[in-house]
Amino acid sequence: MKAYQDHKRLVKEMEMITALHRQGLEVPAVYEQQGSYLLMEYIDGITLCEAFEKQECKWTEGDHLPESTMEIIGLLTGWLERFYQITKELEGKRMIMADVNLRNFLWTDTVFGVDFEDCREGRYEEDAGKICAYVYTYSPMATPFKKQLVNAFADTFVKELLLEGSLIYHYMDRELKMMERRRKMAIPHFK
């Protein structure tokens, strides 16, 4: 169950999830709306943020990213590709999730997306850059693992989604600056 303070956001999310679910994208089914609540299918998994945290604990500096990490990156990239294709067909324009923190993706044996109330028209590189910024700043921030993970995400997005690498890093940098203002803390520069 998810509660909303703004009825327009509830309706927007309900319509988006329902349309995506009908198209076969891995999203929770919407069971019903009750006032300012949506009752949705429970997905028994962990967030991608948790999945990468677990993998970082097993990782040794100097090693390549584990194959399982690359598999999850591939699953998320494939999910995003389908999301972009479906929403472009439904909306007639390039839609992005906008709120792409890794807590909005669940991992079971595949990837499920949740939280669509911020979807809007935009450049796919913006979503990609924000994912990279979130990855970089999850605690502990700016570790060697996180730096490799950011580069692996960016490389995969360029190769699989045919995005512009320089724009991904531009949007990442922009999001990092916005995070500094929101969090009122310095974030190490990504190199």
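Further up the page is the structure itself.
Only a predicted model underlies this, so the values are computations on that prediction, with no experimental measurement involved. (Residues numbered from 1 in each chain as written. Predicted model: local features only at pLDDT ≥ 70, side-chain atom pairs only at ≥ 80, totals over all residues. Heavy atoms only, no water.)

A.B. asks: Looking at this structure, I do not really get the sheet that holds strand β7 (residues 111–113). What am I missing?
C.D. replies: In a beta sheet, neighbouring strands pair by backbone hydrogen bonds and run either parallel or antiparallel. Judged by pairing direction, the sheet is antiparallel, and its 3 strands sit side by side in the order β4-β6-β7 without closing on themselves. The open sheet is flanked by β4 (46–47) and β7, the only strands paired with a single partner. Of the strand pairs in this sheet, β4 and strand β6 (residues 105–107) are connected by 2 bridges, and their pairing is antiparallel. Bridged to Ile-46 within β6 is Trp-107. (Pairing = 2+ DSSP bridges. Helix = DSSP H or I, 4+ residues; strand = E, 2+ residues; numbered from the N terminus.)

A.B. asks: So what exactly am I meant to see when it comes to the layout of surface pockets here?
C.D. replies: Rolling a probe over the atoms, with the probe sized like a water molecule, indicates the empty space that remains. Here the largest pocket is characterised by a volume of approximately 220 Å³. Contributing to the lining of the largest pocket are 13 residues, with Pro-28, Met-40, Glu-41, Leu-106 and Val-114 lying nearest its centre. (1 Å grid on protein atoms, 1.4 Å probe; cavity = no way out; pocket = protein on both sides within 12 Å on 5 of 7 lines; lining within 4 Å. Points joined across faces, edges and corners; volume = space filled by probe spheres on them.)

A.B. asks: Honestly, the pairing of strand β2 (residues 30–34) in this entry has me stumped. Any pointers?
C.D. replies: Look at any regular strand and the pattern is simple: side chains alternate between the two faces of the sheet. Two strands pair when backbone bridges link them, and β2 and strand β3 (residues 37–40) are joined in this way by 4 bridges, in the antiparallel orientation. Residue Gln-33 lies in a different strand from β3, and its bridge partner there is Leu-38.

A.B. asks: Please clarify how the pattern of salt bridges should be interpreted in this entry.
C.D. replies: Side chains that carry opposite charge are capable of pairing whenever their charged atoms lie near each other. Considering all chains together, one arrives at 14 salt bridges under this definition. In this structure, the salt-bridge partner of Asp-115 is Lys-2, at a minimum N-O distance of 3.2 Å. With Asp-115 in the loop between β7 and β8 (120–121) and Lys-2 in strand β1 (residues 2–3), this pair connects stretches of sequence that are 113 residues apart. Each member of the salt-bridge network shares a partner with another, and the members are Lys-2, Arg-9, Glu-13, Asp-115, Glu-117 and Asp-118. (Salt bridge = Lys/Arg side-chain N within 4 Å of Asp/Glu carboxyl O.)

A.B. asks: Even after reading the chapter, I still don't get the packing of aromatic side chains, so can you show me in this structure?
C.D. replies: One pass over the structure, following the stated rule, counts 12 aromatic pairs. Aromatic side chains Tyr-136 and Phe-190 sit 5.2 Å apart centroid to centroid with 85° between the ring planes, which places their arrangement in the edge-to-face category. Pair noted here: Tyr-136 is in helix α4 (residues 124–137) and Phe-190 is in the segment after α6 (165–183), with a separation of 54 residues, a long-range link. The pair Tyr-136 / Phe-190 is uniform in exposure class, with both members buried. Among the aromatic residues, those joined into a cluster by ring pairs are Trp-79, Phe-83, Tyr-84, Phe-105, Phe-116 and Tyr-124. One Lys or Arg, Arg-94, reaches over the ring of Tyr-124 and ends 4.0 Å from the middle of that ring. (Phe/Tyr/Trp six-rings, centres within 6.5 Å; stacked < 30°, edge-to-face > 60°. Buried < 20%, exposed > 50% of the residue type's maximum accessible area, 1.4 Å probe, protein only. Lys NZ or Arg CZ within 6 Å of the ring centre and 35° of its normal.)

A.B. asks: Looking at this model, I keep getting lost on unusual backbone geometry. Mind explaining?
C.D. replies: When glycine is set aside, most residues are seen to have a negative phi, and most peptide bonds are trans. Look at the link from Ser-139 to Pro-140: it is a cis peptide, with omega at -5°. With respect to the element layout, Pro-140 can be found in the loop between α4 and α5 (144–161). Non-glycine residue Ala-98 carries a positive phi angle of around 75°. Looking at the element boundaries, Ala-98 is found in the loop between β5 (95–96) and β6. Judged by its relative accessible area of 10%, Ala-98 falls in the buried class. Positive phi, close to 60°, is recorded for Leu-162, a residue that is not glycine. Position of Leu-162 relative to the elements: it lies in the loop between α5 and α6. Since its relative accessible area comes to 71%, Leu-162 is described here as exposed.

A.B. asks: Even after reading the chapter, I still don't get empty space enclosed by the protein, so can you show me in this structure?
C.D. replies: Within this structure, the stated rule accounts for 1 cavity of 30 Å³ or more. By volume, the largest cavity is sized at about 50 Å³. Cys-49, Phe-52, Glu-53, Leu-102, Val-135, Tyr-138, Lys-146 and Leu-149 together form the lining of the largest cavity. Counting residues per element, the ones that place at least two in the lining of the largest cavity are α2 (48–58) and α5.

A.B. asks: Would you mind going over the sheet that holds β1 with me for this structure?
C.D. replies: With antiparallel pairing, the 3 strands of this open sheet are ordered in space as β1-β3-β2. In this open sheet, the two strands that pair with only one neighbour each are β1 and β2. Along the sheet, helix α1 (residues 7–22) contacts β1, β2 and β3; its crossing angle with β2, the most-contacted strand, is approximately 165°. (Contact = heavy atoms within 4.5 Å. Axes fitted to C-alpha atoms, helices over the stretch in contact; angles between N-to-C directions.)

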